[in-house]
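# A closer look at the structure
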2 protein chains.
Amino acid sequence: MIDKLVANIKKTNAPVVVGLDPMLSYIPASILNRAIEEYGETLEAAGEAIWVYNKGIVDATYDLIPAVKPQIAMYEQFGIPGLKAFEKTVDYCQEKGLVVIGDVKRGDIGSTSTAYAVGHLGSVQIGSKKCSGFHEDMITVNPYLGTDGIKPFVDVCKEEKKGIFVLVKTSNPSSGEFQDQKVQGRPLYEMVGEYVDQWGSDCVGECGYSAVGAVVGATYPEMGKVLRGIMPKSYILVPGYGAQGGTADSLRPYFNEDGLGAIVNSSRGIICAYKQDQYASYGEANYADASRQAVLDMIEDINRIF
Amino acid sequence: MIDKLVANIKKTNAPVVVGLDPMLSYIPASILNRAIEEYGETLEAAGEAIWVYNKGIVDATYDLIPAVKPQIAMYEQFGIPGLKAFEKTVDYCQEKGLVVIGDVKRGDIGSTSTAYAVGHLGSVQIGSKKCSGFHEDMITVNPYLGTDGIKPFVDVCKEEKKGIFVLVKTSNPSSGEFQDQKVQGRPLYEMVGEYVDQWGSDCVGECGYSAVGAVVGATYPEMGKVLRGIMPKSYILVPGYGAQGGTADSLRPYFNEDGLGAIVNSSRGIICAYKQDQYASYGEANYADASRQAVLDMIEDINRIF
């Protein structure tokens, strides 16, 4: 899957990923109201509204981008109907040729991590049939439980040709509370980065990158530079561009010399572009066109650094 | 909810929680086959089989125990139908008066953590109505992202009178890779424990314990002792008893002088008791009775330490 991600990035010349993290407050009133008319004020209405909203954005942007990153929490908050919208979104994006990175941040141990891994990236055996629960191409995972927690994901990645991004240094202000603590002479996130490099060492694709990537926030470029060196074969998924304060200039250190090695996420900045002054002229009815323009602007902004 | 948990523990005189972590391989063939006859070899069949199996165990044990801990990964692996079985299990256990601890190990930042928190412990606003996705009483959460990741859960706990257990020191062999690293002169897990104590400081219930508990594995009793002292007001959820090697003798340090402060989980040891030599005489058809006896034996074993 890392090979497909890199191929998609080369084809679109766009090292960006659109975060499909819908909040009900982002959704144009016409879409939400139509869903409520049909389903009442229910979780089903929320699920339907999210799906219609997402589809509009995907239809307007899929030819420009290599990948999307739906944040499962935004669907899970609406229970089963929300997760049905997640599933539909994942499947639709794949039909459109996009790599789907499920931002699920799962992490447990042993057979439980295996359950998450097969549930999101693989399949389960039921009687004589193999069935698949959710169907992302790659997911994000949490490293706090150590190798026992990550190894089952790596095993499934190898078997199913899928990929993971391990949280190394997150973009939020308090990420340093634990991640920046000095252990054996360097910050904990560097040690996690060393493990990431090691976990991915025997699943490097034809593109030269491994199936085990890392999440490193755009808000800490000096740390991004060090981590780039520690994990030369890991793709870095970079949240925090735009709304969270990361700028294109700060992104250079996340990329390798080949111009590859990083993919930058924007969520609100793209999917809710029509609510920003810059794109307000599109109006609510044309929210998807506003998102398209925001994607074009983001790609141009990021490609300036090369 | 911490008050209800403590009241339930006192009522049953059983500081134990049954981990409802079903694997298809645990389920008696008659139950699985009946589900497959009805739904084919599908995710729906898996969901139905899990639900029937769980219900049997809950019906046979609910009067003996204060709480259950369904591990969501074991349901999520079967996609939407699996999560429907999770939802049914949660609701059914609550009808039976049990406190339901969703072992979800979620963790993200800001509005995303809020989405998980309202999705599992609270409600979302849809039009003029409040709707609720999943309905656990308490959940487990991951601290790697720091206060930004935990605060939204604590806020929802206060508002909705729910509770969380933060992963501090997990029971698995590789938990030490990051959790045991020395930071500022003591292990990282101790620092996380200090944060847990602080996060819960202003949501202490009438029982004297806070809504912010901790997960500390039974496999590391000397660490449990230190953490007990660091977080005097936090309930400790203790995995790793039984199948993972923790013994009753090792559990004493997790409890306070009042005999409260800890709740010990057993999953496989209870729900799959009928496959153990000790309970094999019950036979597959009486798997739930085997689970009941295993619960009785566990309670007796643990109460020996007082």
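Provided above is the structure to which this section pertains.
Reference entry: report on the structure contained in this document.

Rules of the game
Residues numbered from 1 in each chain as written. Chains lettered and ligands numbered in written order. Predicted model: local features only at pLDDT ≥ 70, side-chain atom pairs only at ≥ 80, totals over all residues. Heavy atoms only, no water. Least-squares fit on C-alpha atoms with pLDDT ≥ 70 in both. Contact = heavy atoms within 4.5 Å. Phe/Tyr/Trp six-rings, centres within 6.5 Å; stacked < 30°, edge-to-face > 60°. Helix = DSSP H or I, 4+ residues; strand = E, 2+ residues; numbered from the N terminus. Buried < 20%, exposed > 50% of the residue type's maximum accessible area, 1.4 Å probe, protein only. Lys NZ or Arg CZ within 6 Å of the ring centre and 35° of its normal. Axes fitted to C-alpha atoms, helices over the stretch in contact; angles between N-to-C directions. Parallel < 35°, antiparallel > 145°, perpendicular 65-115°, else oblique. Left-handed = near helix turned anticlockwise from the far one by under 90°. Nonpolar A, V, L, I, M, F, W, Y, C, P; charged D, E, K, R; others polar.

### Points about the relation of the copies chain A and chain B
Of the transformation placing chain A onto chain B, the axial shift is 0.0 Å and the rotation is 180 degrees, giving an RMSD of 0.0 Å. Both copies of the chain, as the preceding transformation shows, are related through a two-fold rotation axis. Taken as a fraction of all interface residues of chain A, those also at the interface in chain B reach 100%, which identifies the copy contact as same-surface.

### Observations concerning the packing of aromatic side chains
A full pass over the atoms with the stated rule returns 20 aromatic pairs over all chains. Their ring planes at 20 degrees and their centres at 5.1 Å tell us that A:Tyr53 and A:Tyr287 sit as a pair that is stacked. With A:Tyr53 in helix 3 (residues 43–61) and A:Tyr287 in helix 12 (residues 287–303), this pair connects stretches of sequence that are 234 residues apart. A:Tyr53 sits in the buried class, given a relative accessible area of 0%. When the centroid spacing of 6.5 Å and the interplanar angle of 85 degrees are considered together, the rings of A:Phe178 and B:Trp199 count as edge-to-face. Of this pair, A:Phe178 sits in helix 8 (residues 176–179) while B:Trp199 sits in helix 9 (residues 188–199), placing the two residues on different chains. For the pair A:Phe178 and B:Trp199, one class covers both residues: buried. Directly above the aromatic system of A:Tyr220 lies the positively charged group of A:Lys169, at a separation of 4.1 Å from the ring centroid.

### Details of the environment of A:Tyr254
Tracing the backbone through its elements, the reader meets A:Tyr254 in the loop between strand 11 (236–238) and strand 12 (262–266). Separated by 32 residues in sequence, A:Tyr254 and A:Glu222 have C-alpha atoms that sit 9.4 Å apart.

### Description of the packing of helix 9 of chain B against helix 10 (residues 221–230) of chain B
Residues and elements named next belong to chain B. Remark: helix 9 packs on helix 10, axes separated minimally by 9 Å, with the N-to-C direction vectors making an angle of 30 degrees. Of the possible angle classes, the one that applies to helix 9 and helix 10 is roughly parallel. As helix 9 packs across helix 10, the resulting crossing turns out to be right-handed. Listed contacts from helix 10 to Tyr 189, Glu 190, Gly 193, Glu 194 and Asp 197 of helix 9 are Met 223, Val 226, Leu 227 and Ile 230. Split by residue class, the contact of helix 9 with helix 10 holds five nonpolar, one polar and three charged.

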